[in-house]
Amino acid sequence: MSRRERLVRKILGTATLCAAALPLSILIFMLILARPLLSSFSVSDLLTGSWAPLQGRYGILPMMVASFLLASCSLAVSFPVSLGCAGLIFGLTPPMLAVPLRRLVQLMTGFPTVVYGFVGVFLLVPTVRHLFHAGSGRCLLSALVPLSLMITPTMTLFFSDAFAAVPRPILLAAAAAGADPVQRFVWVVIPSARRGLAAGLVLSFGRALGDTLIALMLAGNAAQVPSGFLESARTLTAHIALVIAADLQSLEFASIFLCGMVLYVLTSCAALCAWKMRAATRKNSR
Amino acid sequence: MDPVVKIRVEGLTFRYGARTVLREVSALFLEGALAAIVGPSGRGKSTFLMALNRLWEEVPGAHAQGRVWVRLDGRERLVSDPSFPATELRRRVAMVFQAPNPLRMSIFNNVAFPLKVMGQRNKRLVAQEVEGALRRAFLWDEVKDRLDEDARRLSGGQQQRLCIARALAAQPDVLLLDEPTSSLDARAAGVIEDLLLTLKRRCTLVVVSHYLEQVERLADQVYEVAHETLEILS
Amino acid sequence: MKRIWPWAVRCGCYAAGLWIVSGAAGVVGFVAWRGLPHLNAQLLFGDVSARDALFGGVPVFDGLWPAVLGTVALVTGAVALAAPLGLATGIYLAEFSRGRLKEVLTVFFDVLAGIPSVVVGLFGFSVSLLLHKLVSPRLGPCLLVAAFSLMILVLPYVIRATQSALEEVPQEVRLTALSLGADRVQNLVWVLLPHSLQGIASGLLLAVGRCAEDTAVILLTGVVVTAGVPRSVLDPFEALPFYIYYISTQYGSTEELERGFAAALILLGVSVSLFALAYAVRRAVGSWALYRA
């Protein structure tokens, strides 16, 4: 190995170390800044308690419930939609329609979240208010629709990739056995792509959980456990955005770092799970 | 006068992962001769060539043991000697691949690439060397007016001769050729065969081939790959 | 009865397609319908003439101009930080690391890619707290901190694009220069990088798009409603996505609201064109851009 090669290797290695230090240092910062709260309350109280800072209660349960509810419901809506779209792109519709659909889905990944939120505020919220006579109209339902619309394109592209990775011989075998395109799709393609589908689902869950603007603009932001879809709710992400302006010394302020940690841990788990699943697919296909 | 041994191989064993491709191979190649290696495909002929210029080191999962000497500037050098940089070895023992592989650049820059690698900055000298290499590869007359064109616009046979010219540009002692005609039609292959016969005068050639007639026409020495080893045929 | 379910599946798929198409049409149509009539020079510069604002240094108070410039400054800063670091890391992962180390690092960057932008913004905010405490009490959330945080957000895109573009270079191409005596650095600079330029460029375009549209990060790292044209990287700044968010929460007049719609239309257009460009580059830029290595 030449001296130049060693030098280049060293420089690139240092850069890589710096980049790899980022995820770790984010976690460490969260831990340090959440410490005032962690030292005065037990973790289980914080994770299961209610939010009433005036009474000295800093539990983040309402936010966690809202985040989970919103993320899983939007996932429940967008999963079948994505599956259908990916199916169309895969070949259930002639290329004349499939190709433009794929283009459109790719472009939709570029829609800014703040625009979804903006349209939601001026189109969806008044509609929900009139239809359901639901207070201000800012509620879980109003956030759910644009959020599911936002995660559908990425999920569709994940699913398309998973379908495209299904080995051709299997498809040809199914076609030779007389299966029509729909039967092939349902009996052959979906089962053999199930790991890729699960990985896409998990990653999309992370994305839905991590979205801030749609929830902040549309869900109403009341810090209480929601009892229905027409109730106002505050997600973990919106909580961070709302409380950031609080007094830096207060426990209220420290609670946003706890929220940050919860989000961090959940999304990292999602990323790790997705990676595990994809690693397993790779091994199987070898 | 006894012929000089250019390359000496002793006890070469080669593995891809857990699969052994060559076992305990020994061979001699003479200077100024054209040696052919024949045998069915997928038995390690190309692998053997990569062992001679240490290119296998860049292939993930490949592993070689054993010793190879090449005679350079009048003395035998051990190829795997850590003080002998692989880059210098590969300039002295050049290689041409089965499928023509021009780089994504102009014809001129392709042939000048080895000189660029060596750090040659004298433009006049580079132009001379490029012209010389193209002439030696019988390509100069066909491309002299289009040196700035993308090399990938040439025909298959021209591309392969371009790759030979590129390999010759650094004045190598040995030229390894891995089935150089297998992707070409009969006419283009004929041109390359003629070319190989003239090149024999300047450097040692080791050619992998599976066309027996071709081998009979060209080769001074023939080895056959069989049962994970090389056997001398003539 | 047997023939009904394939038909139903097909109908379901078409319904899904229809839903997504109408969703996209709804968003684009609504923003365009309300914003398009108000796209004009006055939108950007308010009552100041364009020439005065651009060259005369006349401050713009009721136009989008400062927000547009703020976003441009932000994107430039973030990508200028992310590109060298991301390229270096991607190259290291693809060319110089192997086995276990490579796997662990790849997972690390997967995790980094999954971190919500609001958490990244929170990290940026805490970094600015640290700077405030350790370096100078005058430091706080500012353009530099926001650009740094956005850099973290888009770093995984650049790394992934670089790494996968390099790993997709076919083995024959990879060995060509090496067989001619090039060392690994020469091979990288003269062959592998030119070969993967498209992939890297599309990654950078995606990074630009993400920086331009992200709101959560800047919300926590120094964006404000009025700051004027950015003058120093240590000052707070205006940005287009934040302006849109701000209008949606409190607009004083219909005029402001109209400006909000126009801003949303601009941001949507810019962001979508960047993504379209990124996909187009990845698919079809011919050798013209790569002709001279």
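Residues numbered from 1 in each chain as written. Chains lettered and ligands numbered in written order. Predicted model: local features only at pLDDT ≥ 70, side-chain atom pairs only at ≥ 80, totals over all residues. Heavy atoms only, no water.

In the annotation of an unreviewed UniProt entry, the entry for chain B reads Phosphate ABC transporter ATP-binding protein, PhoT family, and the organism field reads Desulfacinum hydrothermale DSM 13146.

An unreviewed UniProt entry lists chain A under the name Phosphate ABC transporter membrane protein 1, PhoT family, with Desulfacinum hydrothermale DSM 13146 given as the organism. Database annotation for chain A, UniProt heading Subcellular location (unreviewed entry): "Cell membrane". In the Sequence similarities (unreviewed entry) part of its UniProt record, chain A is described as follows: "Belongs to the binding-protein-dependent transport system permease family. CysTW subfamily." (UniProt positions renumbered as here; feature names shortened; annotations may be inferred.)

Student: Describe the interface of chain C and chain B, listing the residues and the values that go with them.
Tutor: Every contact between the two is made by 22 residues of chain C and, on the other side, 26 residues of chain B. Carbon and sulfur atoms make up 59% of the surface buried where chain C meets chain B, a total of about 2300 Å² over both sides. Connecting chain C to chain B are one salt bridge. One salt bridge in this structure joins Glu-58 of chain B and Arg-184 of chain C, with 3.8 Å as the shortest N-O distance. (Contact = heavy atoms within 4.5 Å. Buried area = accessible area lost by both parts, 1.4 Å probe. Salt bridge = Lys/Arg side-chain N within 4 Å of Asp/Glu carboxyl O.)

Student: Before we move on, could you go through helix H4 (residues 95-108) of chain A and cite the residues and values that matter?
Tutor: All names here are of chain A. The end-to-end C-alpha distance of H4, which contains 14 residues, comes to 19 Å, matching closely the 20 Å that a straight helix rising 1.5 Å per residue would cover. Considered for burial, the residues of H4 that qualify are Ala-98, Leu-101, Val-105, Gln-106 and Met-108. Looking straight down H4, one finds that the buried residues subtend no more than 160° of arc, so they occupy a single side. Every exposed residue of H4 that faces more than 90 degrees away from the buried side is listed here: Pro-95 and Met-96. (Helix = DSSP H or I, 4+ residues; strand = E, 2+ residues; numbered from the N terminus. Expected span 1.5 Å × (residues − 1). Buried < 20%, exposed > 50% of the residue type's maximum accessible area, 1.4 Å probe, protein only. Arc of directions from axis to C-beta.)

Student: Could you give an account of the sheet that holds strand E4 (residues 62-72) of chain B, naming the residues involved and the relevant values?
Tutor: Residues and elements named next belong to chain B. The four strands lie next to each other as E2-E1-E4-E5, forming an open sheet whose pairing is antiparallel. Each of the sheet's edge strands pairs with one partner strand only, and the pair in question is strand E2 (19-30) and strand E5 (75-78). Sheet twist, expressed as the average angle between the axes of neighbouring strands with direction ignored, equals 5°. When strand E1 (residues 5-16) meets E2, the two strands line up antiparallel, connected through eight bridges. Within E2, the residue paired with Leu-12 across the bridge is Val-25. (Pairing = 2+ DSSP bridges. Axes fitted to C-alpha atoms, helices over the stretch in contact; angles between N-to-C directions.)

Student: Outline the pairing of E1 of chain B, supporting the account with residue identities and numerical values.
Tutor: Residues and elements named next belong to chain B. Joining the antiparallel neighbours E1 and E2 is a turn of two residues, in which Gly-17 adopts a positive phi near 60°. As paired strands, E1 and E4 are joined by eight bridges and run antiparallel to one another. Its bridge partner being in E4, Glu-10 is matched across the sheet by Arg-67.

Student: Now, about the nonpolar core: what can you tell me, with residues and values included?
Tutor: Within the largest apolar cluster, 175 residues are counted, with the highest numbers of intra-cluster contacts made by Ile-26 and Val-115 of chain A, Phe-113 of chain B together with Leu-155 and Ile-218 of chain C. Leave out the neighbours within four places in its chain, and Leu-155 of chain C touches Ala-19 and Leu-22 of chain A together with Ala-82, Leu-85, Gly-86 and Leu-112 of chain C. Counting residues in hydrophobic clusters, the runner-up holds 39 residues, among them Trp-56, Val-70 and Val-208 of chain B together with Leu-178 of chain C. (Core = buried A, V, L, I, M, F, W, Y, C linked by side-chain atoms within 4.5 Å.)

Student: Mind laying out a nonpolar patch on the surface, listing which residues take part and the relevant values?
Tutor: Taken together, the side chains of Leu-24, Ile-28, Leu-31 and Ile-32 of chain A make up a nonpolar region of the molecular surface, amounting to roughly 370 Å² of accessible area. Mapped onto the secondary structure, Ile-32 of chain A falls in helix H1 (residues 3-40). (Patch = residues over 30% accessible without salt bridge, like charges linked within 9 Å, V, L, I, M, F, W, Y side chains within 5 Å. Areas by Shrake-Rupley, 256 points an atom, 1.4 Å probe, with all protein chains shown as cover.)

Student: Let's hear about the side chain of Thr-237 of chain A: which residues, and what values?
Tutor: Residues and elements named next belong to chain A. Mapped onto the fold, Thr-237 is located in helix H11 (residues 236-243). Look at Thr-237 and you get buried, because its relative accessible area is 0%. Among the polar contacts made by the side chain of Thr-237, one reaches the side chain of Thr-235 at a distance of 2.9 Å. (Polar contact = N/O pair within 3.5 Å; in protein donor to acceptor, adjacent residues only side chain to side chain.)

Student: So what's going on with the interface of chain A and chain C? Residues and values would help.
Tutor: The interface of chain A with chain C comprises 82 residues on the first partner and 74 residues on the second. Counting each side, the surface lost to burial between chain A and chain C is near 7000 Å², with a carbon and sulfur contribution of 81%. A salt bridge links Glu-5 of chain A to Arg-184 of chain C; the nearest nitrogen and oxygen atoms lie 3.8 Å apart. On the surface where chain A and chain C come into contact, there are six residue pairs in polar contact (both at pLDDT 80 or more). Residue classes in the side of chain A that touches chain C are distributed as 57 nonpolar, 18 polar and seven charged. (Nonpolar A, V, L, I, M, F, W, Y, C, P; charged D, E, K, R; others polar.)

Student: Report on the UniProt feature "domain: ABC transporter" (unreviewed entry) in chain B, specifying residues and quantitative values.
Tutor: UniProt's feature table lists "domain: ABC transporter" (unreviewed entry) at residues 7-232 of chain B, given in the numbering used throughout. The span residues 7-232 of chain B is 35% helix and 29% strand, and its two end C-alpha atoms sit 15 Å from each other.

Student: Now, about the packing of aromatic side chains: what can you tell me, with residues and values included?
Tutor: According to the stated counting rule, one finds 28 aromatic pairs over all chains in the structure shown. Arranged with centres 6.0 Å apart and planes meeting at 85°, the rings of Phe-14 of chain B and Trp-56 of chain B form a pair that is edge-to-face. Of this pair, Phe-14 of chain B sits in strand E1 while Trp-56 of chain B sits in the loop between helix H1 (45-52) and E4, placing them 42 residues apart in sequence. Comparing Phe-14 of chain B with Trp-56 of chain B shows no difference in burial state: the two are buried. Counting every residue linked through ring pairs, the aromatic cluster contains Phe-118 and Phe-122 of chain A together with Phe-30, Trp-33, Tyr-251 and Phe-261 of chain C. A cation over an aromatic ring shows up here: Arg-8 of chain B above the ring of Trp-69 of chain B, its NZ or CZ 4.3 Å from the ring centre. The ring of Trp-33 of chain C carries the charged tip of Arg-34 of chain C above its face, separated from the ring centre by 5.9 Å. (Phe/Tyr/Trp six-rings, centres within 6.5 Å; stacked < 30°, edge-to-face > 60°. Lys NZ or Arg CZ within 6 Å of the ring centre and 35° of its normal.)

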